[in-house]
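Architecture and fold: a report
Residues per chain, in single letters:
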Amino acid sequence: MSPQRHISAQLKRVLVLIFIFVVAPSACLLSVGVLVLALGHRPKDVILGILILGLVATMVVGTTTMLIYLFRSATLARLQTDFVHKVSHDLRTPLTGIRMFADTLLLGRARDEASTRECLESIQVETIRLTAMIDRLLEWGKMEAGKRLYEPALHEVREIIDGALAAMEPQLQSSPAAVAVEVPADLPRVSVDLDAMIEALLNLLQNALKYSGDDKHIAVRCERSRHEVTIAVSDNGPGVPPAEHRRVFEKFYRGKDERSRSIPGTGLGLAIVEHIVRGHEGRVTLESEPGRGATFTLHLPALGT
C-alpha cells in the first residue's frame, strides 16, 4: 500500500470513529433533549444540565477512544517499519554470503576439492537459513489471512518433543547447548496437528537457544495439570522484564534492551506460537524474572489414553 493510500485509509477510520463515538451519540442526546423540552415533562434547567453533561461525557469518551486508536495505529505502524528494516537486513545477510561463495567458485578461487566443498556447504547453510525465514513470513501471512488450517489427530507428547529437537539439531551443532528433557510415561495423548505443534515448540526452543548466555542450558518439562498437558521450555538467559510479558506475543515486537534487538529475528516467533496454540484450544504462558531466565509453557487440552 502506498503512503498516500495508507494515510487515506487512516483518515477514513478516524472519521468513522468520530461518527460512531461523537456525532451519532451527540445527535441522539440532542434529539432526546429537544423532545423532552418540547413535551415539557421536566424543568428546562434540569433537562439542559442533563443534556450538557451527556454531551460532555460523549465527547470525552469519543476523544479518548480515538486517541487510543490512533496511538495503537501509530505503534503498529512503527513496529511494521522496524519489521521491514529488520527483515530486509536479515534477508540481505544470507544473500550476501551466497553471492560471495558463488563468486569464489565462479572465479576459480577455490583451488582444491576441500575449498570447493567448503564453499558449497556454506551456500547450502545460507540457503536453508534464507528458506526458513521466507517460510516463516509466508506462514504468518496465512495466519493473518485466516488460511492456516489445522488437522488434529491423537499424538503422544513425546512425538512433539522429538520432532522439535530433531528439527533443531543443525542449530545445536553450530551453537551447542545442554538440553534436558523430562517426559512422564503416563502423560495422556493430545489432539494436535503434529507439524504445527512441532513448529510451535521449535520456536520456543530456538528462542531459548538464542537468548541464553554462553553456557547454554535448556530444559523441556512436561506435566499433567487437571485437564491440561503442559510443555514448558526454560532457559538460563537474562529473562524478560515484567512490563514486556504480554507484549512479547505481539507481532513484530522485539525486546527493548539492546541485546534483544541485536539478536537476529523477525519478531513473529512468539506470535506464531500463540496463534497455533489458540488454534488447538490451548494457551501459552510466560514466567520470568530479569536475570533468572524465562519459562514459556504450552497448555494443551488433555485426552484420555
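Computed from a prediction, not measured in an experiment: that's the story for all the values here.

**Some remarks on the environment of His245**
With respect to the secondary-structure elements, His245 resides in the loop between β5 (228-235) and α6 (258-262). Sequence separation between His245 and Leu286 is 41 residues, and the spatial gap between their C-alpha atoms is 6.7 Å. With near-sequence residues (within four places) excluded, His245 lies in contact with Val240, Leu286 and Ser288. A polar contact of 3.0 Å, which involves the side chain of His245, links it to the backbone oxygen of Val240.

**A closer look at the nonpolar core**
Grouped together as the largest cluster of nonpolar side chains are 48 residues, with contacts concentrated most on Leu205 and Ile231. Per-element accounting of this core gives the leading share, ten residues, to helix α5 (residues 194-211). Counting residues in each nonpolar core, the second largest holds five residues, with Ile98, Phe101, Ile123 and Leu130 among its members.

**Some words on the packing of helix α3 (residues 113-144) against helix α7 (residues 269-278)**
Interaxial distance between α3 and α7 falls to 11 Å at its minimum, and their mutual angle equals 45 degrees. It follows that α3 is oblique to α7 by the angle criterion. Seen from above, α3 lies across α7 with left-handed handedness. In this structure, α3 uses Arg136, Trp140 and Met143 to contact α7, whose residues at the interface are Gly269, Ala271, Ile272, His275 and Ile276. By residue class, the composition of the contact of α3 with α7 is five nonpolar, two polar and one charged.

**Quick word on the confidence of the model for the protein chain**
Any region with low pLDDT has predicted coordinates that should not be read closely. Taken as a whole, the protein chain shows an average pLDDT of 78; of its residues, 70% reach a score of 70 or greater. For residues 1-7, every residue scores under 50 in pLDDT, and the model assigns this stretch one contact once sequence neighbours within four places are set aside.

**Observations concerning the packing of aromatic side chains**
A complete count under the given rule lists one aromatic pair for this structure. For the pair Phe249 and Phe296, a centre-to-centre distance of 6.1 Å together with 75 degrees between the ring planes defines the contact as edge-to-face. Taken as a pair, Phe249 in the loop between β5 and α6 and Phe296 in strand β7 (residues 294-301) lie far apart in primary sequence, 47 residues in all. Given a relative accessible area of 6%, Phe249 falls into the buried group.

The rules behind these values
- Residues numbered from 1 in each chain as written.
- Predicted model: local features only at pLDDT ≥ 70, side-chain atom pairs only at ≥ 80, totals over all residues.
- Heavy atoms only, no water.
- Helix = DSSP H or I, 4+ residues; strand = E, 2+ residues; numbered from the N terminus.
- Contact = heavy atoms within 4.5 Å.
- Polar contact = N/O pair within 3.5 Å; in protein donor to acceptor, adjacent residues only side chain to side chain.
- Core = buried A, V, L, I, M, F, W, Y, C linked by side-chain atoms within 4.5 Å.
- Buried < 20%, exposed > 50% of the residue type's maximum accessible area, 1.4 Å probe, protein only.
- Axes fitted to C-alpha atoms, helices over the stretch in contact; angles between N-to-C directions.
- Parallel < 35°, antiparallel > 145°, perpendicular 65-115°, else oblique.
- Left-handed = near helix turned anticlockwise from the far one by under 90°.
- Nonpolar A, V, L, I, M, F, W, Y, C, P; charged D, E, K, R; others polar.
- pLDDT = per-residue confidence, 0-100.
- Phe/Tyr/Trp six-rings, centres within 6.5 Å; stacked < 30°, edge-to-face > 60°.

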